[in-house]
Amino acid sequence: MAERIDGKAVSAMVKDELKERVRKEGIEATLAVIQVGDDPASTVYVGNKKKACEYIGIRSLSFELPEETKEEELLDLVRELNEREDVDGILVQLPLPPHMDEDKVIRTISPKKDVDGFHPQSVGALSIGQPGFVSCTPAGIIELLKRSGVDIDGKECVIVGRSNIVGKPMALLMLRENATVTVCHSHTKQLKEVAKRADILIVAIGKPKFITREYVKEGAVVIDVGIHRDAQNKLCGDVDFDDVEPVASAITPVPGGVGPMTIAMLMKNCVEAKGLQ
């Protein structure tokens, strides 16, 4: 039976370390969070981010804009926050309403305050091994693996999914840790055979319970990035947990796996951002 990789416990450790660092070094960081509209999932995420800021001892500013806000008004707010010396990190909660261009909004955030790690400059820095903010979910997965005693160096890693937010930066981070990396996507032929080569299988495809034991090598470490509701309205991931757990050596549950790490790494980026201002 696989060891469960406990994201709640690891994220609590990361936040406790950050809290101590903020206290010891007297860091006074501020995160500005912008939410457009009242999407229920976004409201929950924003609430969790505010709680995490409060816990580690950094200030959060909240900007809740109505759904019908014009794109230019949002861009003006971002530009204003870029200029404010008392703001160290800027986060625009995605998704944005359909009338807004997410890419344009992300590009408007100053790379020095891009704590989500989505700005093209942040992504470019990651791709050539330069310092910069790293997208929080992939960074959280690296932290989870390391703190769970999983050796990455020299391992075969297969990533299922090539999104800009998870798949692509995940591949770059695993390369940085000296893994041999394969990225799979909707055009990959013989996906089961490719996935089954993995010592570390990372799944971020947005399809509930898609990965079954037929995709998993005996003893592989399985990281599930997905989050959905199943037919019984229970939370589940992209991996069929009950089917895969008996063959994996370690696996992240949903909920309580990767999710908590995303916010922990956002907090880490906020604390790091203070040094860039």
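Please refer to the structure higher up on the page.
Note that the structure is a prediction, hence the values are computed from the model and not measured.

### A closer look at the packing of helix H6 (residues 136-147) against helix H7 (residues 167-176)
Right, on to step 1. Two elements in contact, H6 and H7, have axes whose closest approach is 9 Å; the angle formed by their N-to-C orientations is 40°. Classed by the angle they form, the pair H6 and H7 counts as oblique. In this structure, the crossing between H6 and H7 has a hand that is right-handed. Here H6 contributes Pro138, Ala139, Ile141, Ile142 and Leu145 to the contact with H7, which in turn contributes Pro169, Met170, Leu173 and Met174.

### Notes on the pairing of strand E5 (residues 156-160)
Right, on to step 1. Within E5, 4 of the 5 residues are buried, leaving the element largely enclosed by the surrounding structure.
Right, on to step 2. Bridge count for E5 against strand E6 (residues 180-184) is 5 bridges, and the pairing is parallel. Counterpart to Ile159 in the pairing with E6 is Val183.
Right, on to step 3. With respect to chirality, the unit in which E5 leads through H7 into the neighbouring parallel E6 is right-handed.
Right, on to step 4. Bridge count for E5 against strand E7 (residues 200-203) is 4 bridges, and the pairing is parallel. Of the residues in E7, the one forming a bridge with Val160 is Val203.

### With respect to a negative patch on the surface
Right, on to step 1. Residues Asp38, Asp39, Glu67 and Glu68 make up a contiguous surface patch of negative charge.
Right, on to step 2. Counting through the fold element by element, Asp39 comes out in the loop between strand E2 (30-36) and helix H2 (40-56).
Right, on to step 3. Judged by its relative accessible area of 35%, Asp39 is partly exposed.

### Looking at the state of the cysteines
Right, on to step 1. Within this structure, the stated rule accounts for 0 disulfides.
Right, on to step 2. The thiol sulfur of Cys157 is not disulfide-bonded, and the nearest other cysteine sulfur, from Cys184, lies at 9.8 Å.
Right, on to step 3. Free of any disulfide, Cys270 has its nearest cysteine sulfur in Cys53, 5.5 Å distant.

### Thoughts on the sheet that holds strand E3 (residues 59-65)
Right, on to step 1. Strand order across the open sheet formed by 3 strands is E3-E2-E4, with parallel pairing between neighbours. The two strands at the open ends of the sheet, each matched to only one other strand, are E3 and strand E4 (89-92). For this sheet, the mean angle separating the axes of adjacent strands, direction not counted, is 15°.
Right, on to step 2. Bridge analysis of E2 against E4 gives 4 bridges, and the strand direction is parallel. Looking at E4, one finds that Ile34 is bridged to Val92.
Right, on to step 3. Sheet strands touched by H2: E2, E3 and E4. Its angle to E2, the strand with the most contacts, is close to 170°.

Cut-offs used in this document
Throughout, residues of each chain are indexed from 1 in the direction in which the sequence is written. Reporting in this predicted model follows two pLDDT cut-offs: at least 70 for local features of residues, and 80 or more for side-chain atom pairs to be given and counted; totals over whole chains, interfaces and linings ignore these cut-offs and use all residues. The side-chain numbers reported here are obtained from all heavy atoms of the structure, hydrogens and water having been left aside. Throughout, an axis means a line fitted to C-alpha atoms (over the contacting stretch in the case of helices), and angles, computed between N-to-C directions, take values from 0 to 180 degrees. By definition, any uninterrupted DSSP run of H or I lasting at least four residues is a helix, any uninterrupted run of E lasting at least two residues is a strand, and each is numbered from the N terminus. Any angle from 65 to 115 degrees is called roughly perpendicular, while one under 35 is roughly parallel, one over 145 is roughly antiparallel, and all others are oblique. With the far helix as reference, a near helix turned anticlockwise by less than a right angle produces a left-handed crossing, and one turned clockwise produces a right-handed crossing. Any two residues having at least one pair of non-hydrogen atoms within 4.5 Å are treated as being in contact. Relative accessibility under 20% of the residue-type maximum defines a buried residue, over 50% an exposed one, and the middle range a partly exposed one, all with a 1.4 Å probe and only protein chains included. Pairing between strands is defined by DSSP: at least two bridges between the two strands are required. By the criterion used throughout, a crossover qualifies as right-handed when its path from the first strand across the helix to the second strand runs clockwise, the strands pointing away from the viewer. Patch membership requires more than 30% relative accessible area and the absence of a salt bridge. Residues of like charge join within 9 Å; the nonpolar side chains Val, Leu, Ile, Met, Phe, Trp and Tyr join within 5 Å. Computed by Shrake-Rupley with a 1.4 Å probe, the accessible areas treat only the displayed protein chains as cover when residues are assessed. Whenever a carboxyl oxygen of Asp or Glu lies within 4 Å of a side-chain nitrogen of Lys or Arg, that contact is scored as a salt bridge. For the charge count, each Lys or Arg is scored as positive and each Asp or Glu as negative, with His and the chain ends excluded. All charge positions are set by atom: Lys at NZ, Arg at CZ, Asp at CG, Glu at CD. The disulfide definition used here is simple: a pair of cysteine sulfur atoms within 2.5 Å.

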